[in-house]
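# Commentary on secondary and tertiary structure
Now for the letters of each chain:
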Amino acid sequence: MRKILQLILVCGLMLSFGLPNETKAQTYDEKVYDAVQWRLVGPHRGGRSAAVAGVASEKNTYYFGATGGGVWKTTDGGRNWGNISDGYFGGSIGAVTVAESDPNIIYVGGGEKTVRGNVSYGYGMWKSTDAGKTWAQTGLEESRFISRVRIHPTNPDVVYAALLGDIFKPTEMRGVYKTMDGGKTWERKLYVGDVAGAVDLILDPNNPETLYATTWDVKRTPYSLESGGPNSKIFKSTDGGENWTEISRNKGLPAGLLGIMGITVSPLNSNRIWAIVENLEGGVFRSDDGGETWEKTNEDRSLRQRAWYYTRIYADTQDENIVYVVNVDYHKSTDGGKTFKSSSAPHGDHHDLWIDPNDNQRMVIADDGGAQVSYDGGTSWSTYMNQPTAQFYRVTTDNHFPYRIYGAQQDNSTMRINHRNEGAAITEKDWEVSAGSESGWLAVDPNDNDIVFGGNYGGLLQYLDHKSGAKRNVNVYPDNPMGHGAEGMKFRFQWNFPIFFSPHDSNVLYTTSNQFHRSSNKGQSWETFSPDLTRNAKDKLGPSGGPITKDNTSVEYYSTIFTAAESPLKKGVIWAGSDDGLVHVTQDNGKTWENVTPKDLPEWTQVNSMEGHPFEEGGLYFAATAYKNGDFAPYLYKTTDYGKTWTKIVKGIDAQHFTRVVRADPTKKGILYAGTETGMYISFDDGANWQSFQMNLPIVPITDLTIKENNLIAATQGRSFWIIDDLTVFHQLAENVGSKPFHLFQPQDSYSLDGVRKESTTAGTNRPGGVLVYYHLKDEPKEEVRVEFYDKQKKLVHQFSSKGIEGDTLKYKTGSNEFNWNLRIPDARKFEGMIMWSGPLRGPKVVPGDYSVRLIVDGQAQEHGFKVLPDKRYPTTQEDLQAKFDFLLSVRDKLTETHEAIILIRKYKEELHTILEKDPKQKRRIDPIVKTISDIEKELYQTQNSSGQDPLNYPIRLNNKLAHLNVIAGTGEFKPTDSAEEVRVEITRQINIQLTKFKEIEKSQISKILNIEEMKTELKMK
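Residues numbered from 1 in each chain as written. Predicted model: local features only at pLDDT ≥ 70, side-chain atom pairs only at ≥ 80, totals over all residues. Heavy atoms only, no water.

### Describing the sheet that holds strand β36 (residues 451-456)
What the four strands build is an open sheet, ordered β35-β36-β37-β38; its pairing is antiparallel. Sheet topology places β35 (442-444) and β38 (471-473) at the edges, where each strand pairs with a single neighbour. Pairs of neighbouring strands in the sheet enclose a mean axial angle of 20 degrees, with direction left out of account. The pairing of β35 with β36 spans three bridges and is antiparallel. By the bridge assignment, Val 444 is partnered in β36 with Val 452. (Pairing = 2+ DSSP bridges. Helix = DSSP H or I, 4+ residues; strand = E, 2+ residues; numbered from the N terminus. Axes fitted to C-alpha atoms, helices over the stretch in contact; angles between N-to-C directions.)

Rendered as structure tokens:
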């Protein structure tokens, strides 16, 4: 039933096994490398949601649908959210509804009703019968946008769906649909036209045979959003949706053109109905006779501003005079809709609301920050800082160490976030707001990682110095365009206009409107160095919105340069791609430009991303989209001759997976990565063939990709940032990898950094410290799998075995495997029950340099070398790092020696006690021995410690003091201080005094009673 994933898999399998009469494609079985996984970096800062639901019988259970990010569930009142649609479907969610009669039954409709400029569609209707554990596709696959789902209160097989339909082109699949068999079959019950779908739908809570629906004339093109038309109407049915009566012209409702409308019924009074209406004389209207007559109760524009984005209304479940309207704020009326008090949930821009039918203090709201829960009627709400559903437009990185990821989050701020740290997770401490705002590109000054330029709508271009906090707006032409169409603008800046530095001159900053601009003085002045490189389509440059409410934020500005790039190999070769389907190139740094648009690129197609070829001076790859024209096909092209000829490269990509971005691997020629609306693809033969590259990545729109240090970073529209930490595995793929008994991939060079990978519902996943080793096992090994690490002198520094070494067992599986070595040599030996205060036993990290890894399977071996790279944050020399290692090694070895002595002391005491029990006459001989070695033990270790904070009461002893030097000298990458060495020498001296005493009594007395050599051998074996 996992149709979308199956579709992606089928594409891959078709390529893997080849097609009749065709040359075998260069593809690889994912099982060879699937231990390489995508890692969620975050941030855990919610993105837009337009659909929420709660469970009346389960006070802490709620659901929300993300725009682009699938379905999420909490069972603890919003403290933690987990995705429940991954593995089945994803994309934007328009409706989530739980059956009142059975909370295990959930219906989800795909496609957000909030049809803004970056709107994403969904994948039809999905159903779960086990509270979201598993899902089945239940029809309406081509609906694209489902805005409401309503379930019969006593029969969960009877379901109604409001289909907005494909907002990009006329289609027949619109209106209200009904199923009587739980989604097996659907029948259309209300239809008004091929460009107007159903947007709101409600069942009378007291009589489910009575329904109300609103339809909406809505059209979105690349250059406009139109809300309203002759088929925007309100309907009523009294026979379960079989027949409908239009009531939108009933007495009291406004005359003239109607737009989007929301409707609700009071559960306490079926005759009381409210509607919020987009109209020149619109507002909130109330009927007290079941829709026969209406009265306008409120016309405040704050309730109906930007109507297409909001316009929903909700009756309270306990009081027939309380009604809510959601907009930028959410608004509550307690007098039947006459006056409203405005409030805001933690984020703002509200889109949906669910109120418990039994408790009107319990609710969940959807807004541009995700979903938040309230138990006190909206006085307080849960956080949205635990939902990794951010929508990012673009992604770039800096040269900081470790590098940081930058992007602009829709409905929020820009951000820079650490791609890794030395802790256990990527948290709020790891990110901060950067330049610009929600819709822009970002560009980091190559000469200073803390100087960032960011964009936003309105042509805003902002300079930010992160060190000082200084900001400056350096717009090319600071003419505020808000509310105006593009036709009067001197320069047309789309709200996602390009900003980037030249790869050849770090002082040159580029940006684009409908023309190309550059600055060499950080935006103080700008040079315009191109003509208009668009079609300059006059009929597509007027105001957007209407015919009732205009909406001009520059997102619909058209005929702009939407993407651009400079060749990474040849200075002055600059490419421009327009949102109206043109490609231009200059080979002389902007003096002359040539239109080199591919002849088979459909007119008006948006060129979305460009990638200068990393190996060909005249080369370029670009990705284009035409989905806003109703064309969901992928468009990828490449050239190597400055655009004289083009090759379309889409074979293997699903025909409905429209393409947003393509990137070329800068290290391995011929490897390409493509991000589409429905996931990731990879090509190993320069685009001739593609296969799925989804692996564990959720189904989500991929908006941008970038490559840094052999890492692939993906910006998503609904699931934040994801990363693959090691692309070198894919560089090494060959046809025989999967057929060999086993194969070891050469590890990439790895930095000497700590870090722990720990899954969390509230924070991003960190990269583990050390080196990642990947290998493939064709079959189950007969005896043993071993991984061994050697230094430059071929000295074994650490080893791991499936049979277990020192209690550490190597885990593996047939197929692809990942092993992480943290670069540390084995820890000091410990003993049972040991309690230390700030005294870790960890072995030191190896010194940066050349190392090798050996994989041994049933006695057969493969080996590869790799480098351990120094931590760039420290100026320490190799000699200093060697001194640190030697210091910590001596601490470790002395701790091991000390603890082995304590283990022996305890073993000797145990055996001597046994002898005493059998022969009490030995007391005079044995008691002095026991006392002496017990005194030695007490000097070496605080034997009175039995709980974690006992050391605050019982002073620590020599081993703890020595182990504490692991903290002192092990912090940072420096040579140990002179005082640390002084303390090490002194404590070691004191330990040696006790060890000497122990060896003397061991030799002179204990050995006369016990077989100490046999006991030592036994303990070493353990």
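### Side note on the packing of aromatic side chains
Scanning all chains against the criterion turns up 51 aromatic pairs. Note on Tyr 309 and Tyr 310: the rings are 4.9 Å apart at their centroids and 65 degrees apart in plane angle, and the pair reads as edge-to-face. The buried category is assigned to Tyr 309, whose relative accessible area is 0%. Of the residues examined, Tyr 310 reaches a relative accessible area of 2% and is grouped as buried. Pairing Tyr 874 with Phe 974 gives two aromatic rings, centres 5.1 Å apart and planes at 85 degrees, and the pair type is edge-to-face. Separated by 100 residues along the polypeptide, Tyr 874 in the loop between β66 (860-869) and α3 (878-918) and Phe 974 in the loop between α5 (958-970) and α6 (978-1009) bring together distant segments of the chain. An aromatic cluster of at least three residues, connected via ring pairs, comprises Tyr 121, Tyr 123, Phe 145, Phe 168, Tyr 627, Phe 632 and Phe 658. Over the ring of Tyr 121 we find Arg 144, and its NZ or CZ is 4.5 Å from the ring centre. Across the ring face of Phe 632, the terminal group of Arg 144 is positioned such that the distance to the ring centre comes to 3.9 Å. (Phe/Tyr/Trp six-rings, centres within 6.5 Å; stacked < 30°, edge-to-face > 60°. Buried < 20%, exposed > 50% of the residue type's maximum accessible area, 1.4 Å probe, protein only. Lys NZ or Arg CZ within 6 Å of the ring centre and 35° of its normal.)

### Examining the nonpolar core
Membership of the largest hydrophobic core comes to 40 residues, with the highest contact counts inside it found for Tyr 908, Phe 998 and Ile 1006. Elements with a minimum of two residues in this core: α3, α4 (923-940), α5, α6 and α7 (1012-1021). Sort the elements by how many residues they give to this core and α3 lands first, with twelve residues. (Core = buried A, V, L, I, M, F, W, Y, C linked by side-chain atoms within 4.5 Å.)

### Description of the confidence of the model for the protein
Detailed reading of the predicted model is not advised wherever pLDDT is low. Here the protein averages 95 in pLDDT, while 97% of its residues score no lower than 70. Considering only residues more than four positions removed or in separate chains, one finds that residues 5-23, a stretch of pLDDT under 50, has 23 contacts. (pLDDT = per-residue confidence, 0-100. Contact = heavy atoms within 4.5 Å.)

### Brief notes about α4
Spacing of three or four residues puts side chains on the same side of an α-helix, whose turn is 3.6 residues. If you check α4, its first and last C-alpha atoms are 25 Å apart, about what 18 residues at 1.5 Å a residue would give, namely 26 Å. Along α4, the residues that are buried comprise Ile 926, Ile 929, Ile 933, Ser 934, Ile 936, Glu 937 and Leu 940. An end-on view of α4 places all buried positions within 155 degrees of arc, on one side of the element. Seen from the open side of α4, the exposed residues pointing more than 90 degrees away from its buried face are Arg 924 and Lys 931. The secondary structure elements touched by the buried residues of α4 are α3, α5 and α6. (Expected span 1.5 Å × (residues − 1). Arc of directions from axis to C-beta.)

### Things to note about unusual backbone geometry
A cis amide bond, omega -15 degrees, links Phe 401 with the succeeding residue Pro 402. Looking along the chain, the bond that leaves Gly 546 and enters Pro 547 is cis, with omega of 5 degrees. With respect to the helices and strands, the residue Pro 547 is situated in the loop between β42 (527-528) and β43 (561-566). One non-glycine residue with positive phi stands out, namely Asp 349, at about 60 degrees. A positive phi angle, near 75 degrees, is found at Leu 823, a position not held by glycine. Looking at where Leu 823 falls in the secondary structure, it is placed in the loop between β64 (815-821) and β65 (849-857).

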